[in-house]
Amino acid sequence: MIELDRVGRSFTVGRRGTKKTVHAVRDLSFTVGAGEFVGYLGPNGAGKSTTIKMLTGILAPTSGSIRVAGLDPTRRRTALARRIGVVFGQRTTLWWDLPLRDSFELIRHLYKVDQVDFRRRLGELTELLDLGGLMTTPVRQLSLGQRMRGDITAALLHDPTVLVLDEPTIGLDVVSKAAMRDFLRRLNADRGTTVLLTTHDMGDIEKLCRRVMLIDHGSLAFDGTLDDLRATAPEGESIEEVVTRLYSG
Ligand SMILES: Nc1ncnc2c1ncn2[C@@H]1O[C@H](COP(=O)(O)OP(=O)(O)OP(=O)(O)O)[C@@H](O)[C@H]1O
């Protein structure tokens, strides 16, 4: 479902005379199969967001090739948009001044979702994510947890086969976090949606992901099951401690 073959992405920064090249992602290869739920970890600046931007066609790789749902994200960005859902926890894709309902209706137009499918899907998501009482509330008046549920709904209205989540539980309280994780687990189990999850919360990883990939300085430093990851550590070490050790070297 997601295939990266020797992907690199560099940026040129600085002014004339002090220009330098930052290799955000280097020689990155991995495959995520249909229906997998994979955690994509790495310290700040490791290259996670750059990878996600390339997967969704926002950024083109400087080398290598990418396929998502069989499509080249840069060349087939519009076609891919119908098959992929993306949530950036740190910013909303909803319209700040519009009630949730209007934001969803706009998304229906943008993605050309059939009216009947839209009603059914919105009904299901509204119930599962407990958004019923918030449909007429402008997005700017929603709490972070409510807004996040709105963003997840927006990303799933067109029933994508791949969902990419960039820190979807950031800032959520323990109850909202548990509800979000429960929803994502069911989405993956019941609909077979392929999920790639970036997070700094090891609870998300432990509760949701069988497989974990760890990126550091733009390269893959670990790719295996959560159990494999635990097995790299002495008995009794928490997953947070294991990851901290891997991040630092
Ligand atoms: N548009 C850009 N121009 C220049 N450098 C960039 C750009 N985007 C990212 N970088 C650099 O690429 C590297 C990887 O950044 P990226 O945002 O992918 O990291 P990340 O793993 O998502 O980090 P975080 O966990 O802090 O969000 C960093 O050194 C960053 O400064």
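Source: prediction; values computed, not measured.

### Some thoughts on the overall build of the chain
- Regarding its fold elements, the chain presents nine helices and nine strands.
- For 249 residues, the compact-globule estimate of 2.2 N^0.38 gives 18 Å, and the chain sits close to it at 19 Å.
- In terms of overall dimensions, the chain has C-alpha extents of about 50 × 50 × 35 Å along its principal axes.
- The buried share of the chain, reckoned over its 249 residues, is 35%.
- Sequence-distant contacts, at least 24 apart, represent 67% of the contacts inside the chain between residues at least 6 apart.

### Quick look at the nonpolar core
- Core analysis: the biggest nonpolar cluster contains 56 residues, and Val 38, Val 164, Leu 196 and Leu 197 have the highest contact counts within it.
- Contact partners of Val 38, with chain neighbours within four places excluded, come to Val 32, Leu 196, Leu 197, Cys 209, Arg 211 and Met 213.

### So, the site of the ligand
- The immediate surroundings of the ligand are formed by Phe 11, Val 13, Val 22, Ala 24, Gly 42, Asn 44, Gly 45, Ala 46, Gly 47, Lys 48, Ser 49 and Thr 50.
- If you tally residues by element for the shell around the ligand, the top one is helix α1 (residues 48-55), at three residues.
- When its residues are assigned to classes, the shell around the ligand shows five nonpolar, six polar and one charged.

### Considering the sheet that holds strand β5 (residues 84-88)
- Pairing is mixed across the open sheet formed by six strands, whose spatial order is β5-β6-β7-β3-β8-β9. Of all the strands in the sheet, the pair left with one neighbour each is β5 and β9 (219-225). Within this sheet the neighbouring strands show an average axis-to-axis angle of 15°, counted without direction.
- Of the strands in this sheet, β3 (37-41), β6 (162-166), β7 (194-198) and β8 (211-216) are in contact with α1, which crosses β6 at around 150°.
- Against the sheet, helix α5 (residues 144-156) makes contact with β5 and β6, and its axis sits at roughly 160° relative to β5, the strand it touches most.

### As for the packing of helix α3 (residues 100-110) against α5
- In the contact formed by α3 and α5, the axes pass within 10 Å of each other and the chain directions differ by 20°. Classified by the angle their axes make, α3 and α5 are roughly parallel. Handedness of the α3/α5 crossing: right-handed. Side by side, α3 and α5 meet where Leu 100, Ser 103, Phe 104 and Ile 107 of the first sit next to Gly 150, Thr 153 and Ala 154 of the second.
- Split by residue class, the contact of α3 with α5 holds four nonpolar, three polar and no charged.

### What about the pairing of β3?
- Most of β3 sits out of view: five of its five residues are buried.
- Going residue by residue along β3, you find Phe 37, Gly 39 and Leu 41 tucked away on one face and Val 38 and Tyr 40 tucked away on the opposite face as well.
- Where β3 meets β7, four bridges bridge the pair, whose relative direction is parallel. Bridge pairing in β7 places Tyr 40 opposite Thr 198.
- Relative to β8, β3 is paired through four bridges, and the arrangement is parallel. Residue pairing in the sheet places Gly 39 in a bridge with Val 212 of β8.

### Some details on the sheet that holds strand β4 (residues 63-68)
- The antiparallel open sheet is built from three strands, whose spatial order is β2-β1-β4. Lying at the two open borders of the sheet, with one neighbouring strand each, are β2 (20-32) and β4. The mean inter-strand angle of the sheet, taken between neighbouring strand axes irrespective of direction, is 30°.
- Here five bridges tie strand β1 (residues 2-13) to β4, and the two strands are oriented antiparallel to one another. By the bridge assignment for β4, Leu 4 is matched with Ile 66.

### Notes on the pairing of β1
- Here β1 pairs with β2 via nine bridges, running antiparallel. Within β2, the residue paired with Ser 10 across the bridge is His 23.
- The loop that links β1 with its antiparallel partner β2 comprises six residues; one of these, Gly 14, has a positive phi angle of about 90°.

### Things to note about unusual backbone geometry
- Despite not being glycine, Arg 6 has its phi angle at roughly 50°, a positive value.
- Relative to the helices and strands, Arg 6 is located in strand β1.
- Even without being glycine, Asp 159 reaches a positive phi, approximately 55°.
- Of note, Asp 159 is situated in the loop between α5 and β6.
- For Asp 159, a count of 16 C-beta atoms within 10 Å gives the class partly exposed.

Analysis parameters
- Residues numbered from 1 in each chain as written.
- Predicted model: local features only at pLDDT ≥ 70, side-chain atom pairs only at ≥ 80, totals over all residues.
- Helix = DSSP H or I, 4+ residues; strand = E, 2+ residues; numbered from the N terminus.
- Rg over C-alpha atoms; globule rule 2.2 N^0.38 Å.
- Buried ≥ 20, exposed ≤ 12 C-beta atoms within 10 Å, placed from the backbone.
- Contact = placed C-beta atoms within 7 Å.
- Core = buried A, V, L, I, M, F, W, Y, C linked by C-beta atoms within 7 Å.
- Near = placed C-beta within 6 Å.
- Nonpolar A, V, L, I, M, F, W, Y, C, P; charged D, E, K, R; others polar.
- Pairing = 2+ DSSP bridges.
- Axes fitted to C-alpha atoms, helices over the stretch in contact; angles between N-to-C directions.
- Parallel < 35°, antiparallel > 145°, perpendicular 65-115°, else oblique.
- Left-handed = near helix turned anticlockwise from the far one by under 90°.

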